[in-house]
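As a plain string of letters, each chain reads:
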Amino acid sequence: MSSNLENAIEGLIKVFHSYSSKEGDKYKLSKAELKTLLQEELTDFMAGCNDPAATDKIMTDLDENGDQELDFQEFVILVAALTVACNEFFEGLCKNSDKDKK
């Protein structure tokens, strides 16, 4: 039986490859594939973003080798940054909740 973390890792890999295999290099996300992934998999995050150039900015920030595509390692940096931001948000909520109880 797989652990929660093992399932999460497997899920990340599956999501990446389900989008990266749609066009071009099947091991990299094009800008169009990244945009679709963000819209379909991170709907709530993207709903708060009114910047039409958001995908371009994300691509530029993550594309370390400048090939206009994101490989899995570059994609994981995005996921890690979002995970850290979410953790910080929830820690802040917990701290505020603890203060209100006192």
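Everything numeric here is computed off the predicted structure, so don't read it as measured data. (Residues numbered from 1 in each chain as written. Predicted model: local features only at pLDDT ≥ 70, side-chain atom pairs only at ≥ 80, totals over all residues. Heavy atoms only, no water.)

Once that is clear, we can look at the pattern of salt bridges. Overall, the coordinates contain 3 salt bridges when judged by the stated rule. A salt bridge links Lys14 to Glu10; its shortest N-O distance comes to 2.8 Å. Here the residue Lys14 and the residue Glu10 both occupy positions in helix H1 (residues 4-20), the gap between them amounting to 4 residues, near one helical turn. Judged by relative accessible area, Lys14 falls into the exposed class, the value being 53%. Note that Lys28 and Asp67 form a salt bridge whose closest N and O atoms lie 2.7 Å from each other. With Lys28 in strand S1 (residues 28-29) and Asp67 in the loop between helix H4 (54-62) and strand S2 (70-71), this pair connects stretches of sequence that are 39 residues apart. (Salt bridge = Lys/Arg side-chain N within 4 Å of Asp/Glu carboxyl O. Helix = DSSP H or I, 4+ residues; strand = E, 2+ residues; numbered from the N terminus. Buried < 20%, exposed > 50% of the residue type's maximum accessible area, 1.4 Å probe, protein only.)

The subject of this paragraph is the environment of Leu82. Mapped onto the secondary structure, Leu82 falls in helix H5 (residues 72-101). Here Leu82 falls in the partly exposed class, since its relative accessible area comes to 23%. As for Leu82 and Gly48, which are separated by 34 residues in sequence, their C-alpha atoms are 14 Å apart. Contacts of Leu82, omitting those with residues within four sequence positions, involve Leu42 and Phe45. (Contact = heavy atoms within 4.5 Å.)

Grouped together as the largest cluster of nonpolar side chains are 13 residues, with contacts concentrated most on Leu29, Leu34, Leu38, Ile58 and Leu70. The contacts of Leu38, once residues within four sequence positions are left out, are Thr43, Met46, Thr55, Ile58 and Leu78. (Core = buried A, V, L, I, M, F, W, Y, C linked by side-chain atoms within 4.5 Å.)

Here we take up the packing of aromatic side chains. Where two aromatic rings form a pair, the distance of their centres and the angle of their planes describe that pair. With the rule as written, the count across this model stands at 3 aromatic pairs. Ring centres of Phe16 and Phe75 lie 5.3 Å apart, and the angle between their planes is 45°; on these two criteria the pair is classed as tilted. Here Phe16, found in helix H1, pairs with Phe75, found in helix H5; they are 59 residues apart in sequence, far enough to count as distant. For the pair Phe16 and Phe75, a shared accessibility class is recorded, and that class is buried. Put simply, the rings of Phe16, Phe72 and Phe75 touch in pairs and so form one group of aromatic residues. (Phe/Tyr/Trp six-rings, centres within 6.5 Å; stacked < 30°, edge-to-face > 60°.)

Moving on: unusual backbone geometry. In the Ramachandran plot, Gln68 falls in the positive-phi region, its phi being about 65° despite a non-glycine side chain. Mapping Gln68 onto the fold places it in the loop between H4 and S2.

Our next topic: helix H2 (residues 31-41). Along H2, the positions that sit buried rather than exposed are Glu33, Leu34, Leu37 and Leu38. Viewed along the axis of H2, the buried residues span an arc of 135°, placing them on a single side of the element. (Arc of directions from axis to C-beta.)

A word on the side chain of Asp63. Examined against the element boundaries, Asp63 turns out to sit in the loop between H4 and S2. Of the buried charged residues, Asp63 lacks a salt bridge, with Lys28 as the closest side chain of opposite charge at 7.3 Å. Of the polar contacts made by the side chain of Asp63, one reaches the backbone nitrogen of Asp67; its length is 3.1 Å. Separated by 2.7 Å, the side chain of Asp63 and the backbone nitrogen of Gln68 make a polar contact. Those residues in contact with Asp63 that sit more than four places away from it in its chain are Gln68, Glu69, Leu70 and Glu74. (Lys, Arg positive; Asp, Glu negative; His and termini not counted. Polar contact = N/O pair within 3.5 Å; in protein donor to acceptor, adjacent residues only side chain to side chain.)

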